[in-house]
Structure formats: C-alpha cells, structure tokens
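Survey of secondary and tertiary structure
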Amino acid sequence: FCHAIQRSGFVVDCFEFHPDRPFDPLGGWVNLGTDVGRWLLGLKKPVGLFVPNDLWGVQISEVCRQAGLRVPEDVSLVGFDDLASTPYLIPPMSTVRQPAYDIGRLAATAMLQLLAGTTPDKSHRAFSIVAKNSASPGYGEVAPQIQASD
C-alpha cells in the first residue's frame, strides 16, 4: 500500500505496528494509543490515514481526539470493512466496503474457470468506497490516480 502511494507521487509515513508488542486482554496493545498519538502529532500536514479495519478506525479516531486533532479538519480517516456501526461515529467514518458474498462468488467463478481450463477474468472488483464524513475532499489539488492492482 505504501509503495503504491509513493509511486503516485505522494509522501508516505507509515506507522510501523509490531504484533509482538505487549497485549493486555482488557486494554489492547500496551501504549499503542500513546505511540500513535505521538506519531500523528509529528506528521506534516495534510494528513490522511487509512487503517486496516473499521475497528482500528474507531480507536484511531479516539486517539486523534485525545491528541487534539479533529477528524476530518486536521486528519482524514478511512477504514476498511464497512461495519454497520461506522455511520454512527462522530463524524461518520468513510470506509472501503468488502462484500463477502460478492468476493466469494467471484472466487468460485474463478475456480470454475480454472477447472474448465480457461483463464479467470481479473477485471472484476468487489470493493467499493463508502464516502462519509471522516475524509476531507482535499487541499485544493487533484490527487493522482492510484492503480488498484498495486
């Protein structure tokens, strides 16, 4: 993901999450919110965050609030999964929808094509962006297109 963004002409600073970080079953990863907050405050503006799932998006939104950063005024935030709760966040979180049924159908179709000895059609994309209010429309510039295959 970071490499695709860089190839599109953007500066990228990815937060490095290490799964071996101490974990508290009641509180999550120890000091993760503090570490992410420090990292966010050190970034140059404008800042856009893409998190690996909507649950992390909820947590990062709270980290931003605690760090005095406003979503989307200071930080644009986009999650992944399109959980049913994202419209109820303040602000409602933009996300990438991954429809499990459609993904399964496309995978089954590809498998049947392979079994029939034909090359599966790779042009179908099951994912879609669900734009809500957690991402600002930009900072006066048109962003270069990023290839989905990256």
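Refer to the structure presented above.
What you see is a predicted model, and the numbers here were worked out from it, not measured in a lab.

For the rest of this paragraph, the subject is the pairing of strand β5 (residues 94-97). Two elements, strand β4 (residues 75-81) and β5, share four bridges in a ladder whose sense is parallel. For G79, the partnering residue across the bridge sits in β5 and is T95. Direction of pairing for β5 relative to strand β6 (residues 128-130): antiparallel, over a ladder of three bridges. Bridge pairing links T95 to V130 in β6.

Topologically, C64 is positioned in helix α3 (residues 54-66). C64 gets classed as buried once you look at its relative accessible area, which sits at 0%. The sequence separation of C64 and D74 amounts to 10 residues, and the corresponding C-alpha distance is 9.1 Å.

Read across the sheet, four strands follow the order β3-β4-β5-β6 without closing on themselves; strand pairing throughout is mixed. Bordering the open sheet on either side are β3 (47-50) and β6, each of which pairs with just one other strand. On average, adjacent strands in this sheet sit at an angle of 20° to one another, irrespective of strand direction. Pairing analysis gives four bridges linking β3 to β4, with the strands arranged parallel. Bridged to G48 within β4 is S76. Strand contacts of α3: β3, β4 and β5, with the helix running at about 160° to β4, the strand carrying the most contacts.

Reading the values: the criteria
- Residues numbered from 1 in each chain as written.
- Predicted model: local features only at pLDDT ≥ 70, side-chain atom pairs only at ≥ 80, totals over all residues.
- Heavy atoms only, no water.
- Pairing = 2+ DSSP bridges.
- Helix = DSSP H or I, 4+ residues; strand = E, 2+ residues; numbered from the N terminus.
- Buried < 20%, exposed > 50% of the residue type's maximum accessible area, 1.4 Å probe, protein only.
- Axes fitted to C-alpha atoms, helices over the stretch in contact; angles between N-to-C directions.
- Contact = heavy atoms within 4.5 Å.

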